[in-house]
Amino acid sequence: MRSLAGHSAIAVKDIDRSITFYADLGFEPLWRDPDWAFLRSPVGWGLALLGPSYRGAGPHIGFHLEAGEAPEGLKVWHERCQAAGARGLGHIHSHRDGSRSFYASDPDGNTLEWVQEPAGGLLAAIAASADVAGWCA
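All residue numbers refer to position in the chain's written sequence, counted from 1. Under the rules for a predicted model, residues below a pLDDT of 70 receive no local features and side-chain atom pairs below 80 are neither given nor counted, while totals for whole chains, interfaces and linings still include all residues. In computing side-chain values, all of the structure's heavy atoms are included and hydrogens and water are not.

(A) Main features of the overall build of the protein. Counting its secondary structure elements, the protein contains 3 helices and 8 strands. When the helices and strands of the protein are listed from N to C terminus, the series reads β-α-β-β-β-β-α-β-β-β-α. The buried label goes to any residue with under 20% of its type's maximum accessible area, the exposed label to any with over 50%, and the partly exposed label to all in between, with areas taken from a 1.4 Å probe on protein chains only. Taking all 137 residues of the protein together, the buried fraction comes to 42%. By definition in these notes, contact holds between two residues if any of their heavy atoms fall within 4.5 Å. Once local pairs closer than 6 in sequence are excluded, the contacts in the protein between residues at least 24 apart make up 51%. Only the protein chains shown count as cover for residues, with accessible areas throughout obtained via the Shrake-Rupley method and a probe of 1.4 Å. When the accessible area of the protein is evaluated, it comes to approximately 7,400 Å², of which 57% is carbon and sulfur surface. Numbering goes from the N terminus for both helices and strands, where a helix is a DSSP run of H or I of at least four residues and a strand is a run of E of at least two.

(B) Inspection of the nonpolar core at higher detail. Working definition of a nonpolar core: buried Ala, Val, Leu, Ile, Met, Phe, Trp, Tyr and Cys residues. They are joined through side-chain atoms within 4.5 Å. Judged by nonpolar contacts, Val12, Ile15, Ile19, Tyr22, Phe27, Ala37, Leu39, Leu47 and Leu49 together constitute the single largest core of 9 residues. Every element with two or more residues in this core is listed here: α1 (15–24), β3 (36–40) and β4 (46–50). Per element, the largest residue contribution to this core is 3 residues, and it comes from α1. In this view, Tyr22 contacts Ile10, Phe27, Leu39, Leu47 and Leu49; residues no more than four positions away in its chain are not counted.

(C) Local environment of the pattern of salt bridges. By salt bridge we mean one thing: a side-chain nitrogen of Lys or Arg within 4 Å of a carboxyl oxygen of Asp or Glu. The final tally for this structure, using the stated rule, is 5 salt bridges. Measuring nitrogen to oxygen at the nearest pair gives 3.2 Å for the salt bridge that ties Arg96 to Asp33. Within this pair, whereas Arg96 is found in the loop between β6 (93–94) and β7 (100–105), its partner Asp33 is found in the loop between β2 (28–32) and β3, the two being separated by 63 residues in sequence. Overall, Arg96 belongs to the exposed group, its relative accessible area being 52%. Looking at Asp33, the relative accessible area reads 16%, which means it is buried.

(D) How the structure looks around the side chain of Ser99. Tracing the backbone through its elements, the reader meets Ser99 in the loop between β6 and β7. Of the residues examined, Ser99 reaches a relative accessible area of 3% and is grouped as buried. Apart from the residues within four sequence positions on either side, Ser99 is in contact with His93, Ser94, Val115, Gln116, Glu117 and Pro118.

(E) Spotlight on the packing of aromatic side chains. Under the pairing criterion, centres of Phe, Tyr and Trp rings, with the six-membered ring standing for Trp, must be within 6.5 Å; the plane angle then separates stacked pairs below 30 degrees from edge-to-face pairs above 60, leaving the rest tilted. The tally for this structure, following the rule as stated, stands at 7 aromatic pairs. An angle of 80° between the planes, with centres 6.4 Å apart, marks the rings of Trp36 and Phe38 as edge-to-face. According to the relative accessible area criterion, Phe38 is buried, its value standing at 5%. Here a set of aromatic residues connected by ring pairs shows up, and it is made of Phe63, Trp77, Phe102 and Trp114.

What is shown is where atoms sit, not what they do.
Encoded structure:
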């Protein structure tokens, strides 16, 4: 079972200003809501911009399941995190963009997210535009 490292999420004070800044650096906006946005970097890595009113997970690193992986793959990663002793292990839940994920923390308190996208989701757009073979573990 493989997992694709897919995005970083950072806190920003002004989403519009941050979208403009990153777009000027070559990032492509893929998703925009009032409280967060998702962009594709020039090399295919995702960047989530979390606005001040965003109430989901804070800054984190996201690991995306490989395209086409079976739905139970997310459960396998959840079980792996539990067996490894992950702190703050959350339940698998659905997001408004159609993806499913769970959050956990490593031994030092860094927040991690494992994500499974629906067919044709944001990650498919990222994978379609980048050579991601070197990112698979």
